[in-house]
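Spelled out, the chains give:
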Amino acid sequence: MNETNIKRLVAKQRTYFYSGRTLPVENRIQALKRLKNAVISREKEINAALQKDLGKSGFESYMCETGLVLSELSYMIRHTRRFSKEKTVYTPLSQFHSRSFKKPSPYGVVLIMSPWNYPFLLTIDPLIDAIAAGNTAILKPSAYSPYTSAVIGELIKECFPEEYAAVVTGGRAENTCLLNEHFDYIFFTGSQAVGKEVMKSASAHLTPVTLELGGKSPCLVERTANLSLAAKRIVFGKFLNCGQTCVAPDYIYCDKEIKDALIQEILGQIKKQYGDSPLENQDYGKIINEKHFHRIIGLIDPQKTVWGGKSSEASLRIEPTVMDGVSFQDPVMQQEIFGPVLPVLTYDSLDSAIDRINSMAHPLALYIFTKDKQAAKKVTSRCGFGGGCINDTIIHLATSEMGFGGFGESGMGSYHGRNGFLTFSHEKSIVDKKIWLDLPMRYQPYKKIHEKMLRFFLK
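Here the structure is a predicted model, which is why all the values come from computation and not from measurement. (Residues numbered from 1 in each chain as written. Predicted model: local features only at pLDDT ≥ 70, side-chain atom pairs only at ≥ 80, totals over all residues. Heavy atoms only, no water.)

### So, the environment of Ile263
Here Ile263 shows up in helix H10 (residues 259-274). On the accessibility criterion, Ile263 (5% relative accessible area) is buried. Along the primary structure Ile263 and Val306 are separated by 43 residues, whereas in three dimensions their C-alpha atoms are 8.9 Å apart. Among all residues touching Ile263, those that are not within four sequence positions of it are Val306, Asp324 and Val344. (Helix = DSSP H or I, 4+ residues; strand = E, 2+ residues; numbered from the N terminus. Buried < 20%, exposed > 50% of the residue type's maximum accessible area, 1.4 Å probe, protein only. Contact = heavy atoms within 4.5 Å.)

Okay, structure coming up:
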């Protein structure tokens, strides 16, 4: 789509929004129901597209993408009516007699830019929240996942007229054209580098943004942890989607006393979950493209690899790989890995581990495995991070009852459920003042009796 067509589409959506068609709550709910029915009917097409783009099995596609989308749809269909209601709040005596209330209102025309690693989930989930809040939306899925982008385009065309929701495909040229337009809200999921460009472009129009980025999410394993369970859940979270998950444990940071035992448990779990030859496992995903394949290979140090390291450029697969003896100065620790490579580092004390984590960029997620409740409380209280788990990985993003989002360098804002509704809403503060009484104290000429009244009401 060229610049002229993008301008036309944005203008068309703005006209539609100002027509008021998106405001009735019943219209929003019906739109969500249409979307839900379409997702259910196209599940096989969605799974096939995800398999072509990322090598995902049907089970993994439903567990991590389609199923989560349907869960968010069900939640918002149930709750949009309640979320949309005005909320009466306390009115101070000085404003007698009046009603004060907060009124959730949609921003207008929103842009949703999504990544390639969970291309269906991370495009449709924010759309659900935007539609529930009463906005129109333009979706820009990643050019790196073309099969899923094509299915999304067909799905949206089936459910919505383009003035309500539309898909723009393409690469950098289309991204640039979109970011040059004046949107009322921008929701971006992707890398920190591109996130900075999105925020810079948004500033030209003072457009508010939500940025869902990434970072090096630590996985702390404290000395009291159940190592066999920790290993099982770390291996699941790290190597899901071939490691291409923004909230995957980026590295293990464990007590030096339990490192060797933990590594043995992890190696056992890799074999148990992926077999002796993961490259031949049909349920194991693939790297999105050659560029990222070679980037990840370049992070693997054969001298420090204790398991894995093999790869197949033909299938774009890299074995689950574990590295030991890693330091914070190694290349693998200088960037978010975003692949199936798991470095293991050690600490002398939990306090020193906390200090080290806090000296780095704030991660999107943090995980701690421990039986010590005080240790868990200390880490979750003192470390800065977006969200996380105690004694598990990844699952904190799978509930509509909690917002999901970054912190600091890993992003800003959150979504899912009510948080998502509020992200795409502006809450207007309104006072409805009655006309049958008008206190004279605020009007000139000021009198001493008025000052006494003012001090009485405002003390």
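Let's pick the thread back up.
### Quick notes on the side chain of His79
Examined against the element boundaries, His79 turns out to sit in helix H4 (residues 58-83). Using a relative accessible area of 16% as the deciding quantity, one classes His79 as buried. Reaching out from His79, the side chain makes a polar contact with the side chain of Arg82 at a distance of 3.0 Å. (Polar contact = N/O pair within 3.5 Å; in protein donor to acceptor, adjacent residues only side chain to side chain.)

### Quick word on the nonpolar core
Grouped together as the largest cluster of nonpolar side chains are 115 residues, with contacts concentrated most on Leu35, Ile124, Leu127, Ile156 and Val221. Not counting the four nearest positions on each side in its chain, Val221 is found in contact with Leu227, Ile234, Ile252, Tyr253, Cys254, Asp255, Ile258, Leu262, Tyr347 and Phe369. Counting residues in hydrophobic clusters, the runner-up holds 20 residues, among them Ala166, Cys177, Phe188 and Leu211. (Core = buried A, V, L, I, M, F, W, Y, C linked by side-chain atoms within 4.5 Å.)

### Some details on the UniProt feature "domain: Aldehyde dehydrogenase" (unreviewed entry) in the protein chain
Following the UniProt record, one finds the feature "domain: Aldehyde dehydrogenase" (unreviewed entry) at residues 2-430. Across residues 2-430 one finds 42% helix and 19% strand; the C-alpha atoms that close the span lie 41 Å apart. (UniProt positions renumbered as here; feature names shortened; annotations may be inferred.)

### Here we look at the state of the cysteines
With the rule as written, the count across this model stands at zero disulfides. This cysteine, Cys242, is not joined by any disulfide, and Cys64 carries the nearest cysteine sulfur, 13 Å off. (Disulfide = S-S within 2.5 Å.)

### Considerations on the packing of helix H2 (residues 25-41) against helix H5 (residues 121-132)
It is the contact of H2 with H5, at a shortest axis distance of 9 Å, that shows an interaxial angle of 155°. One way to sum up the angle between H2 and H5 is to call them roughly antiparallel. Residues Arg28, Ala31, Leu32 and Leu35 of H2 pack against Ile124, Leu127, Ile128, Ile131 and Ala132 of H5. Class assignment of the residues belonging to the contact of H2 with H5 gives a composition of eight nonpolar, no polar and one charged. (Axes fitted to C-alpha atoms, helices over the stretch in contact; angles between N-to-C directions. Parallel < 35°, antiparallel > 145°, perpendicular 65-115°, else oblique. Nonpolar A, V, L, I, M, F, W, Y, C, P; charged D, E, K, R; others polar.)

### What to know about the pattern of salt bridges
Counting across every chain of the model gives 22 salt bridges. Among the salt bridges present, the one from Glu181 reaches Lys7, with a minimum N-O distance of 3.0 Å. Residue Glu181 is found in the loop between helix H7 (172-179) and strand S6 (185-189), and its partner Lys7 is found in helix H1 (residues 3-18); the two are separated by 174 residues along the sequence. Looking at Glu181, the relative accessible area reads 11%, which means it is buried. Take Lys7: its relative accessible area is 41%, and that puts it in the partly exposed class. Asp432 is paired through a salt bridge with Lys434; the nearest N and O atoms lie 3.3 Å apart. One salt-bridge network, held together by shared partners, links Arg42, Glu45, Glu154 and Glu158. (Salt bridge = Lys/Arg side-chain N within 4 Å of Asp/Glu carboxyl O.)

### Points about unusual backbone geometry
Cis rather than trans, the peptide bond between Gln444 and Pro445 has omega equal to 0°. With respect to the secondary-structure elements, Pro445 resides in the loop between strand S20 (425-433) and helix H15 (448-458). Phi at Asn241 is positive, roughly 55°, even though this residue is not glycine. With respect to the secondary-structure elements, Asn241 resides in the loop between helix H9 (227-239) and strand S9 (251-255). Even without glycine at this site, Leu316 takes up a positive phi of about 55°. By secondary structure assignment, the location of Leu316 is in the loop between strand S11 (311-312) and strand S12 (317-318).

### Overview of a positive patch on the surface
A contiguous patch of positive charge on the surface is contributed by Arg82, Lys85, Lys87 and Arg418. You can see Lys87 is positioned in strand S1 (residues 87-89). (Patch = residues over 30% accessible without salt bridge, like charges linked within 9 Å, V, L, I, M, F, W, Y side chains within 5 Å. Areas by Shrake-Rupley, 256 points an atom, 1.4 Å probe, with all protein chains shown as cover. Lys, Arg positive; Asp, Glu negative; His and termini not counted. Charge placed at Lys NZ, Arg CZ, Asp CG, Glu CD.)

### Examining a nonpolar patch on the surface
A cluster of nonpolar residues, Leu93, Phe96, Trp436 and Phe456, forms a patch on the protein surface that exposes about 470 Å² of accessible area. Mapped onto the secondary structure, Leu93 falls in the loop between S1 and strand S2 (98-106).

### Digging into helix H8 (residues 192-203)
If you check H8, its first and last C-alpha atoms are 16 Å apart, about what 12 residues at 1.5 Å a residue would give, namely 16 Å. The set of residues buried in H8 consists of Gly195, Val198 and Ala202. Down the axis of H8, the sector holding all buried residues measures 60°, keeping them to one side. For H8, the exposed residues set more than 90 degrees away from the buried face come down to Ala193, Lys196 and Lys200. On the buried face of H8, the contacting elements are strand S3 (109-113), H7, S6 and strand S7 (209-212). (Expected span 1.5 Å × (residues − 1). Arc of directions from axis to C-beta.)

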